Amino acid sequence: MPANLPPECTELERKYLEASTRTAKISALEKYLAAIPKHKGTERLCAQIKTKLAKFRLEEERRKSRTKPSYAGSKYALKKEGAAQVVLISYTGAGKSSLLHALTNAKPAIYGYPFTTIEPIPGMMGFEDIQIQLIEAPALFAYDGSVTSWKSKVLGLARNADALIVLVDLAADTPHIQLVTIFDELAKAHITMKQTKARVEIEKKETGGIQIVTFGNVHCKPHEIENTLLQMRIHHAIVKLWGTAEIDDFMQALTYGTVYKPTTVLANKIDIPGTRREFSALKSAFPDIDILATSTKSKHGITFVPIRIFNSLHIMRIYTKKPRQPPSIEPMIISAGSTVGDAAKLIHKDFYKNFKYAKIWGSSNFPGERVGLTYQLCDKDVLEIRV
């Protein structure tokens, strides 16, 4: 232990070493970490404690998951297709099936009675020159005693998606309570709709080793991430970091599994008399959320949904091209704000490693302008990389 630590740290370290259970060790380490002064001389010690905490918490989560029945049926795990996967969540009867039918080529059963949808239904929504996969999830709350199993499957779909659509039924009682309850359930599943400057996603795999992909001015060092994962017996994973992500952001994501999902909120059945008053009350209750009024029956607001979803995804389309050849027809989908260097890494690591310069058509000052790795791309740019 560094000599410049206060005396109370010695006592807290002793309590950790004497702790006999995992829960007690976690509690002792949390108090120990909080008591340590934060400066350059204690950075290494704090990092070691955070790694131990993450390991103990992960082991505790694994223990809890082994004592609970597994409800993840294969029919609830849908392969992602298109530019992104978006899951529709709501109470029963809000109009998810009608919305899916209005936006995609899917033909879900629409019978007008509760809980018609008992398993996920996918459909492909066109937006300009790309396809976005929409998935209608069963109602978040089950109609019988299988509340836990039903809910866990729906929330599992939400965690796996790239974005969410939350549908509120304006014709039902207390629409604002619907929204509050859905948001609470998402929060309990460690799904947040609040975007931060730093974002981390960790996808565990069966094979492939550890792959680290960064977007923006990430402060994490790849070897720190890899060493932490290996210490926690995670040998295969894809780690994606955005913005100004630091090692603490990575540890937070690893320990608690919190994921950010951009969310579009739709208030359906605006065509029914009296619902405009409910819509105004809903907007007043949630002034920070841009809620869109829709009606799958009259088609009110439906044409605005695809652009809302695309904008929420924070992605852009980049068309690559080879020298003296036309651009690709299908775009590469990349996070908004990405640079030429980010795109080069995604195309192939050799494009980044042996990068010479790039040419840009679209957002550049003139067609075919030469740019470097730090040039920030825009939606629909055409990119040619020279190595």
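Whatever comes next refers back to the structure up there.
Residue positions are given per chain, counting from 1 as you read along its sequence in written order. In keeping with the predicted nature of the model, local features appear solely for residues at pLDDT of at least 70, side-chain atom pairs appear and are counted solely at 80 or more, and the whole-chain, interface and lining totals rest on all residues. The basis for every side-chain value is the complete set of heavy atoms in the structure, and neither hydrogens nor water enter the calculation.

Describing helix H6 (residues 175-188)
Side chains of residues three or four places apart in an α-helix project in the same direction, reflecting 3.6 residues per turn. Only DSSP runs of H or I covering at least 4 residues are called helices, and only runs of E covering at least 2 are called strands; the numbering of each starts at the N terminus. In this scheme, a helix's expected span is set at 1.5 Å multiplied by one less than its residue total. A rise of 1.5 Å per residue sets the reference length of H6, with its 14 residues, at 20 Å; its end C-alpha atoms lie 20 Å apart and thus fit the reference within 8%. All buried positions along H6 are accounted for by Pro175, Gln178, Leu179, Ile182, Phe183, Glu185 and Leu186. Axial view of H6: buried residues confined to an arc of 160 degrees, hence all on one face. Immediately beyond the C-terminal end of H6, within one or two residues, lies His190, with a positive phi of roughly 60 degrees. Relative accessibility decides the category of a residue: with a 1.4 Å probe and only protein chains considered, values under 20% of the type maximum give buried, values over 50% give exposed, and everything between is partly exposed. An arc is given here, and it is the one of the directions from the helix axis to the C-beta atoms.

Examining the pairing of strand E10 (residues 263-268)
In terms of residue burial, E10 counts as a mostly covered element, since 5 of its 6 residues are buried. Pairing between strand E4 (residues 163-169) and E10: 6 bridges, direction parallel. Its bridge partner lying in E10, Val166 is registered against Val265. Being paired, for any two strands, means DSSP has found at least two bridges between them. Pairing of E10 with strand E11 (residues 292-293) involves 2 bridges; the strand directions are parallel. In the sheet register, Ala267 faces E11, and the bridge partner there is Ala293.

Here we look at the nonpolar core
Proteins that are soluble and globular tend to have nonpolar side chains buried together. Side-chain atoms within 4.5 Å link the members of a nonpolar core, which is a set of buried Ala, Val, Leu, Ile, Met, Phe, Trp, Tyr and Cys residues. Membership of the largest hydrophobic core comes to 30 residues, with the highest contact counts inside it found for Val87, Ile89, Leu164, Leu179, Leu186, Leu282 and Ile291. Elements represented by at least two residues in this core include exactly strand E1 (85-90), helix H5 (147-160), E4, H6, E10 and helix H9 (275-285). By definition, residues are in contact when any of their heavy atoms lie within 4.5 Å. Not counting chain neighbours up to four residues away, the residues in contact with Ile89 comprise Lys96, Leu140, Ala158, Leu164, Ile165, Val166, Leu167, Ile182 and Leu186.

A closer look at the environment of Gly368
Positionally, Gly368 belongs in the loop between strand E14 (357-361) and strand E15 (369-371). For Gly368 and Ala358, which are 10 residues apart along the polypeptide, the C-alpha to C-alpha distance reads 8.6 Å. Not counting chain neighbours up to four residues away, the residues in contact with Gly368 comprise Lys359, Ile360 and Trp361.

Overview of the sheet that holds strand E13 (residues 332-335)
Strands sit in the order E13-E12-E16-E14-E15 across an open sheet of 5 strands; the sheet is mixed. The sheet is open, and its two borders are formed by E13 and E15, each paired with just one other strand. Strand-to-strand, the axes of this sheet are offset by a mean angle of 40 degrees, without reference to chain direction. Along the sheet face, helix H11 (residues 340-347) touches strand E12 (315-320), E13, E14, E15 and strand E16 (381-386) and points at about 130 degrees away from the line of E13. Orientation is described by lines fitted to C-alpha atoms, with helices fitted over the stretch in contact, and by angles between N-to-C directions that extend from 0 to 180 degrees.

Some words on the packing of aromatic side chains
Centres within 6.5 Å make a pair out of two Phe, Tyr or Trp rings, where for Trp the six-membered ring is used; the pair is then stacked when the planes are under 30 degrees apart, edge-to-face when over 60, and tilted otherwise. Tallying each qualifying case throughout the model produces 2 aromatic pairs. Relative to Phe310, the ring of Phe127 has its centre 4.6 Å away and its plane inclined at 25 degrees; by these criteria the two rings are stacked. Here Phe127, found in strand E2 (residues 121-127), pairs with Phe310, found in helix H10 (residues 305-313); they are 183 residues apart in sequence, far enough to count as distant. Note on criteria: charge over ring means Lys NZ or Arg CZ within 6 Å of the ring centre, with the direction from the centre no more than 35 degrees off the ring normal. A cation sits over an aromatic face here: Lys345 above Tyr352, 4.8 Å from the ring centre.

Section: helix H1 (residues 7-18)
If you check H1, its first and last C-alpha atoms are 17 Å apart, about what 12 residues at 1.5 Å a residue would give, namely 16 Å. For H1, the full list of buried residues reads Cys9, Leu12 and Tyr16. The buried residues of H1 all sit within an arc of 65 degrees when viewed along its axis, so they share a single face. Exposed residues lying more than 90 degrees from the buried face of H1 are Pro7, Leu17 and Glu18.

Description of the pairing of E4
Burial analysis of E4 places 7 of its 7 residues in the buried class, the great majority of the element. Of the two faces of E4, both are covered, the one formed by Ala163, Ile165, Leu167 and Asp169 as well as the one formed by Leu164, Val166 and Val168. In this sheet, E4 lies alongside E1 in parallel orientation, the contact comprising 5 bridges. Pairing of Ser90 across the sheet is with Leu167, part of E4.

Remarks on the environment of Ala293
Mapped onto the secondary structure, Ala293 falls in strand E11. The spacing of Ala293 and Leu266 is 27 residues in sequence and 5.9 Å in space, taken between C-alpha atoms. Apart from the residues lying within four places of it in its own chain, the contact partners of Ala293 are Ala267, Ile270, Phe279, His300 and Gly301.

Describing the sheet that holds E10
Working definition: the strands of a sheet are paired by backbone hydrogen bonds and lie parallel or antiparallel to each other. Here we have 6 strands laid out as an open sheet, ordered E2-E3-E1-E4-E10-E11, and mixed in their pairing. Two strands in the sheet have a free side with no partner beyond their single neighbour: E2 and E11. Sitting on the sheet, H10 touches E1, E2, strand E3 (130-136), E4, E10 and E11, and the angle it makes with E2 is about 95 degrees.

Some remarks on the pattern of salt bridges
When a carboxyl oxygen of Asp or Glu lies within 4 Å of a side-chain nitrogen of Lys or Arg, that pair is called a salt bridge. Scanning all chains against the criterion turns up 12 salt bridges. Its salt-bridge partner being Lys188, residue Glu185 comes within 3.7 Å of it at the nearest N-O pair. With Glu185 and Lys188 both in helix H6 and 3 residues apart, this pair spans about one turn of that helix. A relative accessible area of 61% places Lys188 in the exposed class. A salt bridge links Arg386 to Glu384, with the nearest nitrogen and oxygen atoms 2.7 Å apart. Through salt bridges with shared partners, one network takes in Glu128, Asp129, Arg317, Asp379 and Lys380.

Quick word on unusual backbone geometry
Phi is positive for Glu128, close to 55 degrees, though the residue is something other than glycine. Assignment of secondary structure puts Glu128 in the loop between E2 and E3. Positive phi, close to 75 degrees, is recorded for Lys269, a residue that is not glycine. Tracing the backbone shows Lys269 in the loop between E10 and H9.

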